[in-house]
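In case you want the letters, here they are:
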Amino acid sequence: MPYNACMSASSRHLLTTEHLSVDQVQSLFQRAEDLNGKYSPADLKKILLGQFVVNLFFNDSTRTRISFEIAAKRLGADVINVAIDRSSLNKGETFLDMLQNIQAMGASCFVIRHPETGILKELAPHLRIPVINAGDGNNEHPTQGLLDVMTMRRHKKNINGLTIAICGDIAHSRVARSNIPILLKMGAKVRVIAPQSMMPPNYFGGQVQSFTDLRAGIKDADIVMMLRIQKERMQTDEVPNEREYAFHYGLDMEKLKLAKPDVLVMHPGPMNRGVEIDSAVADNPKHSIILDQVSMGVAMRMAILEWILAGK
Ligand code: CP
């Protein structure tokens, strides 16, 4: 079977948002809305009855792992959370052997978070069952990208023409890398804001506007998405002084006034309050939709699991 990085009939892996069409994205949004509100719990449970979703998280996670588990269980699937540190990887087994063995037991799909950029793209062609990327290194976090844009669309109705400012550690952000292809295809104007040290060169081939000044970058924005500093992916000498970073790149109510009056604030989590975002912004009922993102995470992951496992 030829490797296909997107979800398609020939290969149902979801490793990136890069190849998703606007129609596929819109279908997922609609299906997530339906699964979130139009079914009784008993009817939802019939959708993936008898399927086994296997979670393998090599890095810490709260939102992604738990929302995949809730989404799968709502649809009737069984969920296995593999305790990586108690697995036979410790006895010298390769990761691919481990996956092929779990596949041989009858698993239906893998949800994997791994620190190595690109590892899932290498392994997926050697597996018969689908792989969902729950974050690989600095690369992508496609289910987060989909749930983020779905949350934006719920609040703003139309993504086309919106100015969306993504601010923080762009260089190490798989969230930004998975949001941007969807946003560009849907007609948004995307800005990225970061200190020079956290700004990749020629990011998205010039399709996004780059700023090193937060105030200039969020001016008249419709949506501001804040990102934390990904210290775990930096060398010690790359980690900035938090107080200095917060002064220049922390979003507070005074800076937020430069954006549109009805600006929405997002954050994929986990937040570092007082560093990239002030509590007055994060908890602001008029502007913050951060917990809506989390709720939509369950809805979107139900739609993704159904699409991948039930072929809908
Ligand atoms: N947004 C996100 O990936 O959060 P977790 O690391 O808690 O899963």
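This text follows the structure it describes.
Our subject in this report is the structure included herewith. Sequence order as written defines the numbering, with residues in each chain counted from 1. Local features in this predicted model are restricted to residues of pLDDT 70 or higher, and side-chain atom pairs are both shown and tallied only at a pLDDT of 80 or more, whereas totals for entire chains, interfaces and linings draw on every residue. In computing side-chain values, all of the structure's heavy atoms are included and hydrogens and water are not.

## What about the sheet that holds strand β8 (residues 223-226)?
Phase 1 of the analysis: Read from one edge of the open sheet, 5 strands run β7-β6-β5-β8-β9, paired in parallel fashion. Edge positions in the sheet fall to β7 (209-211) and β9 (264-266), since each of these pairs with one other strand and no more. For this sheet the average axis-to-axis angle between neighbouring strands, irrespective of direction, equals 20°.
Phase 2 of the analysis: At least two bridges found by DSSP between two strands is the condition for calling them paired. Secondary structure follows DSSP: runs of H or I at least 4 residues long count as helices, runs of E at least 2 residues long count as strands, and numbering of each begins at the N terminus. As defined by bridge partners, strand β5 (residues 163-167) adjoins strand β6 (residues 189-193) across 5 bridges and the pair is classed as parallel. Bridging across to β6, I164 finds its partner in V190.
Phase 3 of the analysis: We call two residues in contact when some of their heavy atoms are within 4.5 Å. An axis is simply a line fitted to the C-alpha atoms; with a helix, the fit covers only the stretch in contact. Between two such axes, the angle follows the N-to-C directions and lies from 0 to 180 degrees. Running over the sheet, helix α7 (residues 174-185) touches β5, β6 and β8 and is turned about 160° from β6.

## Things to note about the pattern of salt bridges
Any two side chains of opposite charge can pair if their charged atoms end up close together.
Phase 1 of the analysis: The term salt bridge refers to a pairing of a side-chain nitrogen on Lys or Arg with a carboxyl oxygen on Asp or Glu at a separation within 4 Å. In the structure shown here, the tally under the stated rule is 12 salt bridges.
Phase 2 of the analysis: One salt bridge in this structure joins E33 and R154, with 2.7 Å as the shortest N-O distance. One end of the pair, E33, is in helix α1 (residues 22-37); the other, R154, is in helix α6 (residues 142-156), and 121 residues separate them in sequence.
Phase 3 of the analysis: Salt-bridge contacts for K156 lead to D262; the nearest nitrogen and oxygen are separated by 3.4 Å. Placement of K156 in helix α6 and of D262 in the loop between α10 (253-256) and β9 is noted, with a sequence separation of 106 residues between them.
Phase 4 of the analysis: Using a relative accessible area of 44% as the deciding quantity, one classes D262 as partly exposed. A 1.4 Å probe rolled over the protein chains alone gives each residue an accessible area, and that area as a share of the maximum for its type sets the label: buried under 20%, exposed over 50%, partly exposed in between.

## As for the packing of helix α3 (residues 63-74) against helix α12 (residues 290-309)
Phase 1 of the analysis: One can describe the packing of α3 onto α12 by two numbers: an axis separation of 8 Å at closest approach and a directional angle of 55°. Viewed along their axes, α3 and α12 adopt a mutual orientation that is oblique. α3 and α12 meet at a crossing whose hand is right-handed. Only V294, G297, V298, R301, M302 and L305 of α12 make contact with α3, whose side of the interface consists of R63, T64, S67, F68, I70, A71, A72 and R74. The labels follow the angle: roughly parallel below 35 degrees, roughly antiparallel above 145, roughly perpendicular from 65 to 115, and oblique for the rest. Helix crossings fall into two classes, left-handed where the near helix is turned counterclockwise from the far one by less than a right angle and right-handed where it is turned clockwise.

No statement about biological role is implied by the geometric values presented.
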